[in-house]
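# Observations on the three-dimensional arrangement
These are the residues of each chain, in order.
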Amino acid sequence: MFSKILIKLIDEAIIPAVVVLSMRIISIVIVSQAVGTQLSLGTSGFVFTDQLLFKKVNSYSVLIMIICIALGILFILAKAFMFHNTHIKPGVTARLFSYNLHSLIQNSYDLYSQGAIWISYLFMLVLVTGGLAFFGSVYIWVSTFGFFTFLVCIVLFIIDIEKEIKRDDSEKPIYDTDTSFLENV
Amino acid sequence: MDKIIKVLTNIMLFVFLLLILVLPMFSIGIMKLESPENILGAHNQNINSRLIERIKELELENKILKEKLQE
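Small disclaimer: the values here were computed from a predicted structure and weren't measured. (Residues numbered from 1 in each chain as written. Chains lettered and ligands numbered in written order. Predicted model: local features only at pLDDT ≥ 70, side-chain atom pairs only at ≥ 80, totals over all residues.)

## Describing the nonpolar core
Residues and elements named next belong to chain A. Quick note on the threshold: Remark: nonpolar core denotes a set of buried Ala, Val, Leu, Ile, Met, Phe, Trp, Tyr and Cys residues whose joining runs through C-beta atoms within 7 Å. Burial in this document is a count-based property: other C-beta atoms within 10 Å of a residue's C-beta are tallied, and the residue is buried at 20 or more, exposed at 12 or fewer, or partly exposed in between, with C-beta positions derived from the backbone. Comment: elements are numbered from the N terminus, with helices defined as DSSP H or I runs of at least four residues and strands as E runs of at least two. A pair of residues counts as a contact when their C-beta atoms, built from backbone coordinates, are within 7 Å of each other.
Counting residues in each nonpolar core, the largest one holds 39 residues, and the members touching the most others are Met-65, Ile-69, Ile-73, Trp-118, Tyr-121, Leu-122 and Leu-125. Counting residues per element, the ones that place at least two in this core are helix 1 (4–35), strand 2 (45–48), helix 2 (51–82), helix 4 (108–134) and helix 5 (140–170). The element best represented in this core is helix 2, accounting for 13 residues. Setting aside residues up to four positions removed in sequence, Leu-125 forms contacts with Met-65, Ile-66, Ile-69 and Gly-146.

So, in structure tokens, the structure goes:
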């Protein structure tokens, strides 16, 4: 009835959504305190009266959000590169089992669905940050940093997918084309 | 019929997934920049409306007292 992949993607999307929302609020509070402003909470959210202060707090808050999502993606990429069940080394497998960390070994279905969701969040955050930078609500270097982080994550993700494809190629059966042994029959 | 329901369900799931992906981005708009004049203006407006309400109440009380006095 339900598409399995859609259910899986919705399941994987909940954690990063909570991370994005909570990091936005936490980062605004932390950066405001670091800058030394009194936060005023109105009906429409956190209200700022100083434009420079607003830009500063907004920029560092978005930067913290980008870093958090990038850390999530890096964790998934680390699992994909080191603990992917298709190309994990036997020694590493044995060590993980001995430390009871075998849950780190995941298949392509889990890893790629997680990766796709987290990268989608980073992509949308980069888009929104670009828009904010265009209208002058965020420093341009923050949106540039987000864009390059996104590019790096995408490239690393593609490298892992390439590894997966190459593995499939190498596992194809190789048939012997020598038929000379049939001549004697 | 089953096929149509299946397709519709999957479309709904896809829309739900898109909503989950897009909704957290609205948290960016949690910060608002307002000029001090606007905030002061809103504050003054609030006080004014409360004063007007109080004056109306007092007028009503005055009216009732006058009626009692006449009686």
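## Observations regarding the packing of helix 2 of chain A against helix 4 of chain A
Residue and element names in this part refer to chain A. Condition: For every element, the axis is a line fit to its C-alpha atoms; helices are fit only across the contacting stretch, and the angle between N-to-C directions ranges from 0 to 180 degrees. Orientation categories follow fixed angle ranges, with anything under 35 degrees roughly parallel, anything over 145 roughly antiparallel, 65 to 115 roughly perpendicular, and all other angles oblique. The hand of a helix crossing depends on one turn: near helix anticlockwise from the far one by less than a right angle means left-handed, and clockwise means right-handed. Three classes are used, and their members are as follows: Ala, Val, Leu, Ile, Met, Phe, Trp, Tyr, Cys and Pro are nonpolar, Asp, Glu, Lys and Arg are charged, and the others, Gly among them, are polar.
For the pair helix 2 and helix 4, interaxial distance at closest approach is 10 Å and the crossing angle is 160°. Between helix 2 and helix 4, the angle is such that the two are roughly antiparallel. With respect to the hand of their crossing, helix 2 and helix 4 are arranged in left-handed fashion. Facing helix 2, whose interface residues are Val-62, Met-65, Ile-66, Ile-69, Ala-70, Gly-72, Ile-73, Ile-76, Lys-79 and Ala-80, helix 4 presents Leu-111, Gln-114, Gly-115, Trp-118, Ile-119, Tyr-121, Leu-122, Leu-125 and Thr-129. When the residues that make up the contact of helix 2 with helix 4 are grouped by side-chain class, the tally is 14 nonpolar, 4 polar and 1 charged.

## A closer look at the confidence of the model for chain A
Detail in the predicted coordinates should be disregarded across regions flagged by low pLDDT. What counts here: Each residue gets a pLDDT score, which is the predictor's confidence in that residue and runs from 0 to 100.
Per-chain confidence: chain A averages 87 in pLDDT, with 93% of residues scoring 70 or above. Taking the mean pLDDT of every element in chain A, the minimum, 72, falls on helix 6 (residues 180–183) of chain A and the maximum, 92, on helix 4 of chain A.

## Let's talk about the interface of chain A and chain B
We count it as follows: For two strands to count as paired, DSSP must find a minimum of two bridges between them.
Facing the 25 residues of chain A at the interface are 21 residues of chain B. Elements with a contribution of two residues or more to the side of chain A that touches chain B: helix 1, strand 2, helix 2 and helix 4 of chain A. Top element by residues in the side of chain A that touches chain B is helix 1 of chain A. It accounts for 9 residues. Taken together, the residues of the side of chain A that touches chain B break down into 17 nonpolar, 7 polar and 1 charged. Pairing analysis gives 3 bridges linking strand 2 of chain A to strand 1 (residues 31–33) of chain B, with the strands arranged parallel. In the sheet register, Val-47 of chain A faces strand 1 of chain B, and the bridge partner there is Lys-32 of chain B.

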